[in-house]
Amino acid sequence: MIGYDDPSAELNEVDVLFFEVGDIVYGTDASQVLRIDRSHPDDLELEGLGPLKRGNRALVFDTPEGEGHLKVDTIRGVRPVPIVALRRLPSVVFAAPYTVGVFLDEKDRPVMLIDLVETLNDQGRH
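If you're wondering where the values come from, they're calculated on a predicted model, not measured in any experiment. (Residues numbered from 1 in each chain as written. Predicted model: local features only at pLDDT ≥ 70, side-chain atom pairs only at ≥ 80, totals over all residues. Heavy atoms only, no water.)

A. Examining the sheet that holds strand β6 (residues 74–82) more closely. Reading across from one edge, β6-β1-β2-β9-β8-β7 is the order of the six strands in this open sheet, with mixed pairing throughout. Bordering the open sheet on either side are β6 and β7 (86–87), each of which pairs with just one other strand. In the sheet, strand β1 (residues 13–21) pairs with β6 via eight bridges, with the strands oriented antiparallel. Looking at β6, one finds that V16 is bridged to R79. (Pairing = 2+ DSSP bridges. Helix = DSSP H or I, 4+ residues; strand = E, 2+ residues; numbered from the N terminus.)

Here is the structure:
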C-alpha cells in the first residue's frame, strides 16, 4: 500500500503506476504490481472504477491466496511521485475500501489511488 502519512518513512518518493479504466486515470503503488499481462475472461472487472472500453490488459499482483488480476484498458506508465503530494481521503468521503487516496497530476486533475489487494477483498474474491 502506498506509504504516505507515515513519519517513519525514509523515502521521499513512491513509484506510482498510472492506468486507465474507460476515460478515467487511476494510480496504484507500483510495488504491488508483479507484471502487466493480457487479460482473461475470468479476470476481475471492478464496476466501481467505471466501465471498461476494451479491458485487454491486466495488472497482476500478489495476494495471500495467489495472484490477482485486475482488468484495465491502458497502462500509462510508472513515475515517481513525492510522498508529500499524496493525500488520504477524508473519513467523511464514502469511498470504496480499495481507495486509499488521491494525487493531483501535473494539470491539477485528481487521480484516485487504489490498493490492488483490496480490490479483490471488495469483490469477495480473497
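Here the narrative resumes.
B. Here's a closer look at the pattern of salt bridges. One pass over the structure, following the stated rule, counts six salt bridges. Between E20 and R76 there is a salt bridge; the shortest N-O distance is 2.7 Å. With E20 in strand β1 and R76 in strand β6, this residue pair connects regions lying 56 residues apart in the sequence. In this structure, D23 engages K53 in a salt bridge whose closest nitrogen and oxygen atoms are separated by 2.4 Å. You can see D23 sitting in the loop between β1 and β2 (24–29) and its partner K53 sitting in the loop between β3 (33–38) and β4 (57–63), a full 30 residues away along the chain. One continuous salt-bridge network, built from bridges that share partners, spans R35, D37 and E67. (Salt bridge = Lys/Arg side-chain N within 4 Å of Asp/Glu carboxyl O.)

C. Here's a closer look at unusual backbone geometry. Despite not being glycine, D108 shows a phi value in the positive range, around 60°. For D108, the position within the fold is in the loop between β8 (99–104) and β9 (110–114).

D. Representation of the confidence of the model for the chain in the model. Considering every residue of the chain, the mean pLDDT works out to 86; 85% of them sit at 70 or more. When the elements of the chain are averaged for pLDDT, helix α1 (residues 116–122) gives the smallest value, 84, and β3 the largest, 97. (pLDDT = per-residue confidence, 0-100.)

E. Up close: the nonpolar core. Counting 17 residues, the largest nonpolar core has F19, L49, L70, I114 and L116 as the members making the most contacts within it. If you list the elements that add at least two residues to this core, you get β1, β4, β5 (66–72) and α1. Ranked by residues supplied to this core, first place goes to β1 with three residues. Aside from chain neighbours lying at most four places away, what touches F19 is I24, V25, Y26, G27, T28, L59, V72, T74, I75, R76 and I114. Among the nonpolar cores identified, the runner-up in size contains 11 residues, and V14, F18, V81 and F103 belong to it. (Core = buried A, V, L, I, M, F, W, Y, C linked by side-chain atoms within 4.5 Å. Buried < 20%, exposed > 50% of the residue type's maximum accessible area, 1.4 Å probe, protein only. Contact = heavy atoms within 4.5 Å.)

F. Highlighting the side chain of T119. You can see T119 is positioned in helix α1. By relative accessible area, T119 is classed as buried at 0%. A polar contact is formed between the side chain of T119 and the backbone oxygen of L116, at a distance of 2.4 Å. Not counting residues up to four positions away in its chain, the partners in contact with T119 are L44, L46, F61, Y98 and I114. (Polar contact = N/O pair within 3.5 Å; in protein donor to acceptor, adjacent residues only side chain to side chain.)

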